[in-house]
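# Fold and contact review
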Amino acid sequence: MIYVKDNLFALHTENVSYVFRVTDTLHLEHLHFGGKITLDGDSIPALMEKREFLNGNLNAYDREHGTLSLENYLLEMSAYGKGDIREPFVDIIYADGSSTSDFLYDGYKVLHEKSEYDTLPGSYSDYGRSEQLILYLKERYSDIVMELHYYVYERCDVICRSTKLRNESMQAVTLKRLMSAQVDFDDSDYIFTHFNGAWIREMNRVDNTVTAGRFVNASYTGTSSSRANPFVMLSRRETSQNFGECYGFNLIYSGNHYEAVDVGSFSKLRFVNGINPQGFSYTVGPGERFEAPESVMSYSDKGFNGLSGNMHEFVREHIVRGTWKYKERPVLLNSWEAAYFDINEEKLLRLAKAGAEVGVELFVVDDGWFGERNDDTSSLGDWKASEKKLPGGIRGIADKVKALGLKFGIWVEPEMVNVNSRLYEMHPEWVVDIPGRTHSEGRNQRILDMVNKDVQNYVIETMSRLISSADISYVKWDMNRTFTDYYSKCLPPERQGEMAHRYVVGLYHCMKTLTGRFPDILFEGCASGGNRFDLGILCYFPQIWASDNTDAMCRARIQEGYSYGYPMLALGAHVSACPNRQTLRNTPLWTRFNVAAFALCGYECNLCEMSEEELEEVKEQIDIYKEWRSVLQFGDFYRYDENGAGYVSWTCVGRDKRYAAGLLLQGLAQPNMPDKRFVARGLRPDAKYHFYNIKFKIRSDSGNMQADTETEDYHVYGDVLMNSGVRLSQGFAATGYNERVRVFPDFASRIYFMEEE
Ligand code: DGJ
């Protein structure tokens, strides 16, 4: 709900309020972002900052307002030059070379619809009415207008912000930065959590305390990046999974992003997020406008689980769209880890047939099917099937896969080209490089300049032809290198600072056109795994391959990292072979499944090399997943930390709370350990549930020890499962084994199901 009274603006969701006001000087004073508050006209005096004198050597805003210093004020947006020396929201160079801005309030509008962006994807609402507040600010000495947009999503306690800038003057200005959101906090006693990583090591949670100065989480890879995901949190020291205050921020953007925390001299903490100003500058000519990506903000006093619940609901409801929004995702079998580049029709069909026999629904031919592609040195750009490998072309293999009762999917990497390709021979000028300089190579490939309209049209038309050439149901859109040598030959020298952003805009244009043309295709984003895992991609592609690491133990940590900001509905997760290709670790087949089952479960291994016994297990797993996937894919996901170091414990609760699934996973086994509990989250306290585990055989590697899993079978109320938890069977401790003991060797795991009775 949006409430406007005199000079007070309040945005209320079910549990959260966001409040600011217009000051006498026409600045926007930020008053509150947190738990819901009741406001009336009398509230402002209590909420506003009191200023009777100027502290020390602060600069006064102007002569008339001798006690106001912008350096020590909670602001809704800020600029350099009028006293505020903290991290700015906007930085503009004017035609006269000056860079002081003073944006002042110039009116507002409340709309019951969301503004469409010209160039960028944004959140949306299916519920019908959505509320938007637009604040107009005008720069005091120039005709530059800034619009601050606020979108309120009541049910998930999310408020989105974005910024648009219009140049109504007669001269061009240069934008050095335009952030998407700024939130000023009274004190600095917060932990700043960000998710750092690398290829096959995505989403490590890192907690930092910033007591003074600045801390920046940013990407400069040209993508949202596996090095630093744009989702970040601010929480109190005492915040845990279920208790305490927590703020979450994300950006609907797939390029270079920036999230900064700045603690100034008066211990106020400022958070900003937006496009990374590093290497960025943008000329906004007379009559032109620039729009910053949308920022997503949420608050919960129910700990990290509360916050991630808000973010999950927001992504499911207001980011993911189209045919696949509410549609169950198929169990797929991908050829990559099964055969890498060494594929041919016969081999692929054998694999697909083995998949069909165990219940796979979609067969995906990954890299290696086109041109002369036998390794990563050639053919990107030549999207025509290799006659040697696929004599009947894509159509031929797609038809044969379909005849096995499976849907067919294909891998592409449309934004890239190998120098060793026909496309490069024809259009060397289409790549991102700096004329006359040597180019830094990544995975032996170059990036096509998506700023170039001809390149955009080539991508759209080539992909359209490919997708229409056969009965294709799924497309994996990969992107396997980071940017170097930023440069677009389509832009004049003085506009090269626009290149990285314009690339992302060009990419979105292609994604929007293709998903519009092929609304029923299931697109899965990918960038060497999680190098472009963000809300911008999810506005077009309903799911993203989360990591090239398929080791169950690493995956549990990676998936848990994503779960803070993203719903499981967005994450591709595959069961692969052991020893695992990335870690050389052996984990039980059931553990590989148990972890993948808590996201979009698929398989990526050579089923033809599996034993009869293993194939039976895979079949059973797929049957279980199909039965439970509406819960596991669309459900609410909770983390539980209290099982001790080395343990992972999750609950996923179906939307109607009638069904839930739980996971208990351990790392290296220790003998004679304390007993374990399984504690659920998110159930209906007054509903009675049947709690039980999946039974399977536990095999040692040498096969000389076999045990049946213990039985857990209880009929208890939701409040018992959540407040007490189930005390699980005693764990094996070198002695006293019988069939009621929980045999839990290294990397063991169990799935528990809960069904309302
Ligand atoms: C990187 C992806 O993340 C992998 O899954 C696979 O598709 C390879 N690229 C193929 O080159």
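## A short note on the overall build of the protein chain
Scanning the protein chain from N- to C-terminus turns up 13 helices and 40 strands. Here the C-alpha radius of gyration of the protein chain, 27 Å, is about what a compact globule of 757 residues would show, namely 27 Å. Dimensions of the protein chain, computed from the C-alpha atoms along their principal axes, are close to 85 × 65 × 45 Å. Burial status across the protein chain gives 63% buried among its 757 residues.

## Quick word on the side chain of Asn643
With respect to the element layout, Asn643 can be found in the loop between strand 31 (636–640) and strand 32 (647–653). Here the side chain of Asn643 touches Arg677 through a polar contact of 3.2 Å, landing on its backbone oxygen. Look past the residues within four positions of Asn643 in its chain and what remains in contact with it is Ser649, Leu664, Lys676 and Arg677.

## A few points about the sheet that holds strand 32
Working definition: the strands of a sheet are paired by backbone hydrogen bonds and lie parallel or antiparallel to each other. What the 6 strands build is an open sheet, ordered 31-32-33-40-35-38; its pairing is antiparallel. Looking along the sheet, the strands with just one partner apiece sit at the ends: strand 31 and strand 38 (713–717). Neighbour-to-neighbour, the strand axes of this sheet turn through a mean angle of 20 degrees, independent of strand direction. In terms of strand pairing, strand 35 (residues 688–693) meets strand 40 (residues 749–756) through 5 bridges, oriented antiparallel. The residue bridging Asn693 from the neighbouring strand is Tyr752, located in strand 40.

## Things to note about the environment of Asp708
Within the secondary structure, Asp708 is located in strand 37 (residues 706–708). In this structure Asp708 comes out as partly exposed when scored by relative accessible area, which is 42%. Measuring from C-alpha to C-alpha, the distance between Asp708 and Val504 comes to 52 Å, with 204 residues separating the pair along the chain. Setting aside anything within four residues of it in sequence, one finds Asp708 in contact with Phe696, Lys697 and Tyr737.

## Quick word on the sheet that holds strand 2 (residues 8–12)
The antiparallel open sheet is built from 4 strands, whose spatial order is 1-2-3-4. Edge strands, defined here as strands with exactly one partner in the open sheet, are strand 1 (2–5) and strand 4 (28–35). For this sheet, the mean angle separating the axes of adjacent strands, direction not counted, is 15 degrees. Bridging between strand 3 (residues 16–22) and strand 4 involves 7 bridges; their strand directions are antiparallel. Residue pairing in the sheet places Val19 in a bridge with His32 of strand 4.

## Description of the site of the ligand
In the vicinity of the ligand there are 13 residues, among which Asp366, Asp367, Lys476, Asp478 and Asp548 approach most closely. Within the side chain of Asp366, an N or O atom sits 2.7 Å from an oxygen atom of the ligand. The separation between an oxygen atom of the ligand and a polar main-chain atom of Gly529 is 3.1 Å. Expressed as a share of its isolated accessible area of 290 Å², the protein-covered part of the ligand is 98%. Broken down by class, the residue content of the shell around the ligand amounts to 4 nonpolar, 3 polar and 6 charged.

## Side note on the pattern of salt bridges
Tallied over the entire structure, the rule returns 52 salt bridges. Put simply, Lys476 and Asp366 hold a salt bridge, and the shortest N to O gap is 2.8 Å. Here Lys476, found in strand 26 (residues 474–477), pairs with Asp366, found in the loop between strand 22 (362–365) and helix 5 (393–403); they are 110 residues apart in sequence, far enough to count as distant. A residue is classified by how much of its surface remains accessible, and Lys476, at 5% relative accessible area, is buried. According to the relative accessible area criterion, Asp366 is buried, its value standing at 2%. Between Lys388 and Glu372 there is a salt bridge, with the nearest N and O atoms lying 3.8 Å from each other. In this pair, Lys388 is assigned in the loop between strand 22 and helix 5 and Glu372 in the loop between strand 22 and helix 5, connecting sequence segments 16 residues apart. Residue Lys388 is classed as exposed on the basis of its relative accessible area, which comes to 72%. Residue Glu372 is classed as exposed on the basis of its relative accessible area, which comes to 54%. Here the salt bridges share partners, and the residues they tie into one network are Asp84, Arg86, Asp184 and Arg270.

## A word on the environment of His690
Summarising the element assignment, His690 is placed in strand 35. With 83 residues separating them in the primary sequence, His690 and Leu607 have C-alpha atoms 34 Å apart. If we skip the residues at most four places from it in the chain, His690 touches Asp713, Tyr714, His715, Phe753, Met754, Glu755 and Glu757.

## Considering helix 11 (residues 589–596)
Along helix 11, 8 of the 8 residues are buried, which leaves the element largely enclosed by surrounding structure. The set of residues buried in helix 11 consists of Leu589, Trp590, Thr591, Arg592, Phe593, Asn594, Val595 and Ala596.

Rules of the game
Each residue is numbered by its place in its chain's sequence as written, counting from 1. Local features in this predicted model are restricted to residues of pLDDT 70 or higher, and side-chain atom pairs are both shown and tallied only at a pLDDT of 80 or more, whereas totals for entire chains, interfaces and linings draw on every residue. The side-chain numbers reported here are obtained from all heavy atoms of the structure, hydrogens and water having been left aside. Labels follow the DSSP assignment, with helices taken as runs of H or I lasting at least four residues and strands as runs of E lasting at least two, numbered in each case from the N terminus. Two things to know: the radius of gyration comes from C-alpha atoms, and the globule rule equals 2.2 Å times the number of residues to the power 0.38. The buried label goes to any residue with under 20% of its type's maximum accessible area, the exposed label to any with over 50%, and the partly exposed label to all in between, with areas taken from a 1.4 Å probe on protein chains only. A 3.5 Å cut-off defines polar contacts: any pair of N or O atoms within that distance qualifies, except that in protein one atom must be a possible hydrogen donor and the other a possible acceptor, and neighbouring residues in sequence count only when both atoms are side-chain atoms. Any two residues having at least one pair of non-hydrogen atoms within 4.5 Å are treated as being in contact. Pairing between two strands requires that DSSP report at least two bridges joining them. What counts as an axis is a line fitted to C-alpha atoms, over the stretch in contact for a helix, and the angles between N-to-C directions run from 0 to 180 degrees. The criterion for a residue being near a molecule or strand is simple. One of its heavy atoms has to lie within 4 Å of it. Where accessible areas are quoted, they stem from the Shrake-Rupley method and a 1.4 Å probe; at the residue level, only the protein chains shown are allowed to cover. Residues were grouped as follows: Ala, Val, Leu, Ile, Met, Phe, Trp, Tyr, Cys and Pro as nonpolar; Asp, Glu, Lys and Arg as charged; and all remaining residues, including Gly, as polar. Take a side-chain nitrogen of Lys or Arg and a carboxyl oxygen of Asp or Glu: if they are within 4 Å of each other, that pair is a salt bridge.

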